[in-house]
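# Structure assessment
Each chain is listed here by its residues.
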Amino acid sequence: MKRGSTFSGLIQHFRLVLQLNFRSTQALIYGYLMPVFFLLAFGSVFRGDTPPLLPEMGQILTITILGGACLGLPTALVAERERGVWRRYRLLPVPTLTLVLSTLLARLLIIGSAIVLQIFLARLVFHTPLPSHSAQLALTFLPVAFAFMGLGLLVAALANDVPAVQALGQCLFLPMILIGGVGVPLAALPAWAQEFSGFMPGRYAVDVLQRCFTDPSAGRGAGFSLVALGIIGLAAGVVGAKLFRWDVGRRGGRLAGAGLAIALLSWIAVGAAAAWTGRLQPLPTSSGYETITAAQMDQITYDDLPGDNELVTRLAPPFARSSEPHQSDEIAYKLKAWPPAHVADAGQAARNLLSVAAIADIAADLHEAEIGRAVFDELQERIGRDQLRRILAWVILSPDAGTVITTAPELGLKRHPPERIVRERSVLYAKKYLGRLLGKIRDN
Amino acid sequence: MALSSPANLSVRDLTKRYGAVEAVRGVSFEIAPGEIYGLLGPNGAGKTSIIETILGLRAPDAGAITLNGVDALAHPARTRREIGAQLQFASLQDKLTPREALNCFAAFYENAVPVEELLAQFSLTNKAAASFDSLSGGQKQRLFLALAMVNRPNLLVLDEPTAGLDPKSRRELHDLIRQLKADGRSVLVCTHYLDEAHFFCDRIGILHEGRLVASGSPEELIATSVAKTRLTFRTRQPLNAVDVGALAEVLDQYVHDDGWRVSTADANRTISALVQKLAADGNEMLDLQIQRPSLEDVFLELTKTTWSALP
């Protein structure tokens, strides 16, 4: 025998698992219908994104992998064990774990197909851009699926029956969805939950998957998340394989407790390492600009704006045509190094930069028009076009949100005008910038 | 389907414990090539534990098992390649078809029986594309037998192969098992049904509380029974107890329905005396039944089981 027949047997088994999956109504509902439902649910909430749903794709795909691996996989394994299917498999002249492996590979394909479906459906229904790094997404999917399928295998080993799978699976699923950065965006969670999420694999899965959609530098910086997923998946997978039960009557007993402890230790180790390396610092509170919709932007009017050469909110033409290029270079240089422009929350960073233009305007600075132009250029360089539109609209529609800076001596702006006036001028500059970005004001 | 080599299973001093419970206690038996060996015993006697240990599903606490002279415990994968098995507590996925199941299982063996041949042999060709959950109980059992045969085994292990089947399906399976013997295969079969064990087993081992308390051909076992032949009869004119008790070789008697049931040391002499008595009295026999000692009597004597414990 034996290698050839073992391999052909495992191929047959792999095919069989796939075929049976597509014949099961329950598997189709949980494997494909639920992911589509989640996509539509996210789409209905976040369709105002520009582009729609792009910032949430990491979360959506993580939910699909999590559901397929931590609920779908163990449910199928335990249901077959309860029926006695694995007792029959056990009579085959191959180690039972090779059949488990073939089941896992089939599950990998099933989950992968659900993800592809979601990506194309998001494109079709919401016009969400395809991932900017498709090959990397395919490669990133593997460690994420590895981590969650390891957990699924562990659930199958620990659960005595299908209801127990649901209970254990939900113990993994719900915390990650609610406070693990998978269902609710990490930035929207309270500080304690953000820190807690570092001890769960969902956060790392969202991180690596989201990078494939929106991070221009792709995988750079994802090393820790990938290692975290690897450790969690390896611990759970090894324990799950060791405790795998082909028969209803065989229970893990003390071994099961020890295995569970080892798996949980890997979570704790990953979380502790993340905390120790400063990765669990709470993210700044979300500004709220994320929820600004295209319709809201359309309602903004520009009729009340003063001209660019009038007393209020002066704005120099683009620097290429400026008569004082030397001066603008110095302003731009200072702005780039100005710390308030570097805060993590892009909305607040933009509001800080707008404050600079506003203070210069109120103070009637000699270079107020150039400063206004330098701020606009800096905003465009620092923030993506679509995000900047939303941020500027948010500043206009929510003039009292966030904080403003009322003096910036490090930029040569030593006056200290009242906050109220800084906010008013910030709104005017925001309108001038947004109008230009949307093509409603000519930029000359 | 040609056999690769004859089977010869030897089980020696097999012991299996589950915690404090000793389910199998030093059981020994052998199965010769082409022999059907039946394991009988009440629930909990250790039948399934023995079978699962032979198949390598459980590790014994003591004892040795050899298959064709090879240590089966040391080479479980080889054992599984050479044995075909049908388990009582095993099933398949609802939406799996017989052809798919056979194809899948056959793919694990080098010299598997062609699937279409198995489908035909076990009368499943018409159901080859039907889902498992749509098969009748008999069809499912035939499929499990076909799966057990997929690797051309020398030894077949069958655990309660006819449990839960209707009489027609049971009879079909009896024919199949006898055909397996005719093909020269050895069969180890566990069954609750004493009549079918008597019907197709060459030798029978009776298990009681984990021990093998008797082993031999059905006839040899029956010969050891202390039970006597029973006669049940009715006459046109009622007979009294004195007359019945006076019949030759009658050991005891009691009223049964409208007639009598007697135990006799020699059925021929008792019947002869009864006929003479009826002729002398001008009486007439309405019906007569003869019940000779059976495997059931032996089983009950050896396992001290009550009638109600029997299926």
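Residues numbered from 1 in each chain as written. Chains lettered and ligands numbered in written order. Predicted model: local features only at pLDDT ≥ 70, side-chain atom pairs only at ≥ 80, totals over all residues.

On to the overall build of chain A. Looking only at helices and strands, chain A features 17 helices and zero strands. Expressed as a percentage of its 444 residues, the buried residues of chain A come to 46%. (Helix = DSSP H or I, 4+ residues; strand = E, 2+ residues; numbered from the N terminus. Buried ≥ 20, exposed ≤ 12 C-beta atoms within 10 Å, placed from the backbone.)

Geometry of a packed helix pair, given as the angle between the helix axes and the separation of the axes. Residue and element names in this part refer to chain A. Across the interface, helix α3 (residues 57-83) lies against helix α7 (residues 162-179) with an axial gap of 9 Å and an inter-helix angle of 170°. Considering their axes alone, α3 and α7 lie roughly antiparallel with respect to each other. Contacts between α3 and α7 involve Ile63, Leu66, Gly67, Cys70, Leu71, Pro74, Thr75, Val78, Ala79 and Glu82 from the first element and Val162, Val165, Gly169, Leu172, Phe173, Met176 and Ile177 from the second. Looking at the contact of α3 with α7 residue by residue, the class counts come to 13 nonpolar, three polar and one charged. (Axes fitted to C-alpha atoms, helices over the stretch in contact; angles between N-to-C directions. Parallel < 35°, antiparallel > 145°, perpendicular 65-115°, else oblique. Contact = placed C-beta atoms within 7 Å. Nonpolar A, V, L, I, M, F, W, Y, C, P; charged D, E, K, R; others polar.)

Membership of the largest hydrophobic core comes to 150 residues, with the highest contact counts inside it found for Ala69, Val144 and Phe148 of chain A together with Ala146, Val150 and Val157 of chain B. Per element, the largest residue contribution to this core is 15 residues, and it comes from helix α6 (residues 134-158) of chain A. The residues touching Val144 of chain A, leaving out its near neighbours within four places in the chain, are Ile65, Ala205, Val208, Leu209 and Leu229 of chain A. Among the nonpolar cores identified, the runner-up in size contains 40 residues, and Val356, Ala360, Ala393 and Val395 of chain A belong to it. (Core = buried A, V, L, I, M, F, W, Y, C linked by C-beta atoms within 7 Å.)

What follows is about the confidence of the model for chain B. Summing up the model confidence of chain B, the mean pLDDT is 87 and the portion of residues at 70 or higher is 95%. Scored by ipTM, the complex comes to 0.80, with pTM at 0.74. (pLDDT = per-residue confidence, 0-100.)

At the interface, 22 residues of chain B touch 22 residues of chain A. Sort the elements by how many residues they give to the side of chain B that touches chain A and helix α3 (residues 98-106) of chain B lands first, with four residues. Within the side of chain B that touches chain A, the residues separate by chemical class into 14 nonpolar, three polar and five charged.

Here we come to unusual backbone geometry. Residues and elements named next belong to chain B. In this structure, Glu160 takes a positive phi of about 50° despite not being glycine. Summarising the element assignment, Glu160 is placed in the loop between β7 (155-159) and α6 (167-182). Since 20 C-beta atoms lie within 10 Å of it, Glu160 is described here as buried. In this structure, Glu209 is a non-glycine residue whose phi angle is positive, near 50°. Mapped onto the fold, Glu209 is located in the loop between β9 (203-208) and β10 (211-216). Among the residues examined, Glu209 registers 16 C-beta atoms within 10 Å and is labelled partly exposed.

Residue and element names in this part refer to chain B. A sheet is described by the order of its strands in space; here four strands give the open sequence β2-β1-β4-β5, paired in antiparallel fashion. Two strands close off the open sheet at either side, each with one partner strand: β2 (21-31) and β5 (70-71). Pairing geometry for strand β1 (residues 9-18) and β2, over seven bridges, is antiparallel. Bridging from a neighbouring strand, Leu14 pairs with Val27 of β2. Along the sheet, helix α1 (residues 47-54) contacts β1, β2 and β4 (62-67); its crossing angle with β1, the most-contacted strand, is approximately 115°. (Pairing = 2+ DSSP bridges.)

Another point: the environment of Phe105 of chain B. Checked against the element boundaries, Phe105 of chain B lands in helix α3. Its 25 C-beta neighbours within 10 Å are what place Phe105 of chain B among the buried residues. For the pair Phe105 of chain B and Asn151 of chain B, spaced 46 residues apart in sequence, the C-alpha separation works out to 8.7 Å. Aside from chain neighbours lying at most four places away, what touches Phe105 of chain B is Leu92 of chain A together with Leu147 and Val150 of chain B.

As a further point, take the sheet that holds strand β12 (residues 250-256) of chain B. Residue and element names in this part refer to chain B. Taken in spatial order, the four strands make up an open sheet running β12-β13-β11-β14, and their pairing is antiparallel. At either margin of the open sheet sits one strand with a lone partner, and together these are β12 and β14 (285-291). In this sheet, neighbouring strand axes are inclined to one another by 20° on average, regardless of whether the strands run parallel or antiparallel. Bridging between strand β11 (residues 229-235) and strand β13 (residues 259-264) involves five bridges; their strand directions are antiparallel. Paired with Thr229 across the bridge in β13 is Thr264. Its contacts with the sheet place helix α10 (residues 267-281) against β11, β12, β13 and β14, and it is angled at close to 15° to β11.

Residues and elements named next belong to chain B. Interaxial distance between helix α5 (residues 137-149) and α6 falls to 9 Å at its minimum, and their mutual angle equals 20°. Here α5 is positioned roughly parallel relative to α6, judged by the angle of their axes. When the axes of α5 and α6 are compared, the crossing they make is right-handed. For the pair α5 and α6, the contacting residues are Gly137, Gly138, Gln141 and Leu145 in the first and Ser169, Glu172, Leu173 and Leu176 in the second. When its residues are assigned to classes, the contact of α5 with α6 shows three nonpolar, four polar and one charged. (Left-handed = near helix turned anticlockwise from the far one by under 90°.)

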